[in-house]
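Chain by chain, the residues:
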Amino acid sequence: MLVPLTAVATAGIVMLPSADAQQTPAAAPAPELVTGLPDFTRLVDRVEPGVVRIEAKIAPQRSTQMSDDPMAEIFRRFGMPMPPGMQGPRGQMPQAPRGLSMGTGFLISGDGYVLTNHHVVDNADEVTVKLADSRELKAKVIGSDAQSDVALLKVEGNNLPALRLGNSSGVQAGQWVVAIGSPYGLDRSVTAGIVSAIGRNTGGGQQYVPFIQTDVAINRGNSGGPLLNTRGEVVGINSQIFSVSGGYQGISFAIPIDTAMNAVEQLKKTGQVRRGMLGVNMNPNIDADLARSLGLPDNRGALVTNVQIGSGAAKAGIQPGDVIRSFNGLAVSDVGDVAPMVGALPPGAKVKLGVWRDGRERDIDVVLGEAETERASAFNRGGDDRSDAPQAQPSSGLLGLRIAELDPDDRRQLKLGASEGVGVTGVASMAAREAGIMPGDVILAVGRTPVGSAKALDSALADVKPGQTVMLRLSGRGGPRFVTIKAGG
């Protein structure tokens, strides 16, 4: 509703209010009804100038050959249909069109260094940084690291409004945090929430990152933007969301700024990031059955499933079946704790592992090797269709599995030893399915007893009675792991 003018014009005559007319005083501001809630306006005013928008022009990428998948080769050789998701037109993925990747970044120095996500600028031909004052500057990619999802850019400038960096080691669940970014191209959008958890391992090739989980609303375009504490300090870089729809669903993840800056210092010096490597594969978790089988007092620790030949772990005597319970004196709760601890150290660093073996804990010193800068997927090699697939054979029947011998070519593709492993071609029992065993898995050992053939598997199971729990060491698309299965189930 419009408020009328005090002077009203009627038929060309201006009529003024009489002196006796009551004047309406200006309305007083309403009192605050809600107090004690956080107000982020001062924080936003201070940090907003240092947040930038990133635009990366990306050329078409070559098709990814799906026929180079050794697990696909194993399925073909065993005469089994390919699972959904492993097939593509003529065995390859379609070509990605040229496009524009849009994200967020922030200035970390007055002379123009900008931090963002690797996936925002990956394979970019040209990167543009748009400042809060609407200036658009061409950026040079100093270096980019896929495993931490961190990229360092440089624009020309002086006295630019850099953000203050905090200390992510002090971040705790329950603290307020703020994100600023460009979701869907909407520049300088501000969202707030709390830290839900710390030290999250989301997998996906970023095992070295102990993510900060928050409930701050993050969407496409927020990638690479700052996560800030209530002092306006950057404590993380917004990187991922958990979503089944592509939009925000209450769970988002940020790279701790300490982890990011470790990568930044190396990118400045050499353009790449070098990390220590222990040289083991580990089980996703230790459940109650595994803990009992291993004689553990609880289910804390990281269970070693495979030791890479020639690695620091192998040279130190680490064995499959060992449980890493501490790392340089710090307790290891689960497998997600180990990779960030290792990745934060340089190659050649000496570490002390507390390892559970044969019913007791012992200390083992390990010299870290060097992780590959771009680790190739274990499933990105392959061969042509073959007609000489080995015949599938039944196991002893106790496990409800059908198995097949592996030939030297199979073992070469799967990076197995000369007499290592026996292939799973079928899963018949409910117990095996519940244990997560799938066709295409390879059985490496029964407990600590290695198996390399159907005969060796049956021999290792010879003393097992129906109803007993058997621990198997497997290799498959999820990597080496231990599972437990009830025999005769």
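Just so you know, these numbers come straight off a predicted model, no measurement behind them.

Cut-off values and rules
- Residues numbered from 1 in each chain as written.
- Predicted model: local features only at pLDDT ≥ 70, side-chain atom pairs only at ≥ 80, totals over all residues.
- Heavy atoms only, no water.
- Helix = DSSP H or I, 4+ residues; strand = E, 2+ residues; numbered from the N terminus.
- Buried < 20%, exposed > 50% of the residue type's maximum accessible area, 1.4 Å probe, protein only.
- Contact = heavy atoms within 4.5 Å.
- Areas by Shrake-Rupley, 256 points an atom, 1.4 Å probe, with all protein chains shown as cover.
- pLDDT = per-residue confidence, 0-100.
- Patch = residues over 30% accessible without salt bridge, like charges linked within 9 Å, V, L, I, M, F, W, Y side chains within 5 Å.
- Salt bridge = Lys/Arg side-chain N within 4 Å of Asp/Glu carboxyl O.
- Lys, Arg positive; Asp, Glu negative; His and termini not counted.
- Pairing = 2+ DSSP bridges.
- Axes fitted to C-alpha atoms, helices over the stretch in contact; angles between N-to-C directions.

### Some thoughts on the overall build of the protein
The number of helices and strands found in the protein is ten helices and 29 strands. For the protein, buried positions account for 45% of its 489 residues. In the protein, 64% of the contacts between residues at least 6 apart in sequence involve partners at least 24 apart. Summed over its atoms, the accessible surface of the protein is roughly 25,000 Å², and 52% of this surface lies on carbon and sulfur atoms.

### A few points about the confidence of the model for the protein
A residue-level look at the protein finds 80% of positions with pLDDT of 70 or above and a mean pLDDT of 81. Mean pLDDT across the secondary structure elements of the protein bottoms out at strand β1 (residues 8–10), with 37, and peaks at strand β12 (residues 226–228), with 98. Note that residues 374–396 has pLDDT below 50 and, in this model, 57 contacts with residues that lie over four places away or in other chains.

### What to know about a nonpolar patch on the surface
On the surface, Leu33, Val34 and Leu37 cluster together into a nonpolar patch covering about 380 Å² of accessible area. As for its placement among the helices and strands, Leu33 is situated in the loop between β2 (13–15) and α1 (41–47). You can call Leu33 exposed: its relative accessible area is 80%.

### Description of the pattern of salt bridges
Applying the stated criterion to the full structure yields 16 salt bridges. Note that Arg53 and Glu55 form a salt bridge whose closest N and O atoms lie 3.5 Å from each other. Classification of Arg53 as buried rests on a relative accessible area of 14%. Its salt-bridge partner being Arg448, residue Asp322 comes within 3.5 Å of it at the nearest N-O pair. Taken together, the positions of Asp322 in the loop between α6 (312–316) and β18 (323–327) and Arg448 in the loop between β26 (442–446) and β27 (449–450) put the pair 126 residues apart, joining distant regions of the chain. On the basis of relative accessible area, Arg448 is assigned to the partly exposed category, the value being 41%.

### Let's talk about the side chain of Arg411
With respect to the element layout, Arg411 can be found in helix α8 (residues 408–413). Here Arg411 occupies a buried position and makes no salt bridge, while the nearest side chain of opposite charge, Glu405, is found at 5.3 Å. Discounting residues that sit within four places of it in the chain, Arg411 has contacts with Leu406, Leu416, Gly417, Ala418, Ser419, Glu420, Gly421 and Gly452.

### As for the environment of Val367
Here Val367 is to be found in strand β21 (residues 360–367). Excluding anything up to four places from it in sequence, Val367 contacts Gly312, Gly348, Ala349 and Lys350.

### Side note on the sheet that holds strand β13 (residues 234–241)
Strands sit in the order β9-β10-β11-β14-β13-β12 around a closed barrel of six strands; the barrel is antiparallel. Across the sheet, the axes of successive neighbouring strands diverge by a mean angle of 45°, strand direction being ignored. Alignment of strand β10 (residues 189–200) against strand β11 (residues 211–214), held across three bridges, turns out to be antiparallel. Bridge assignment links Arg200 to a residue of β11, and that residue is Phe211. Seen against the sheet, helix α4 (residues 257–270) touches β13 and β14 (252–256) and runs at an angle of roughly 50° to β14.

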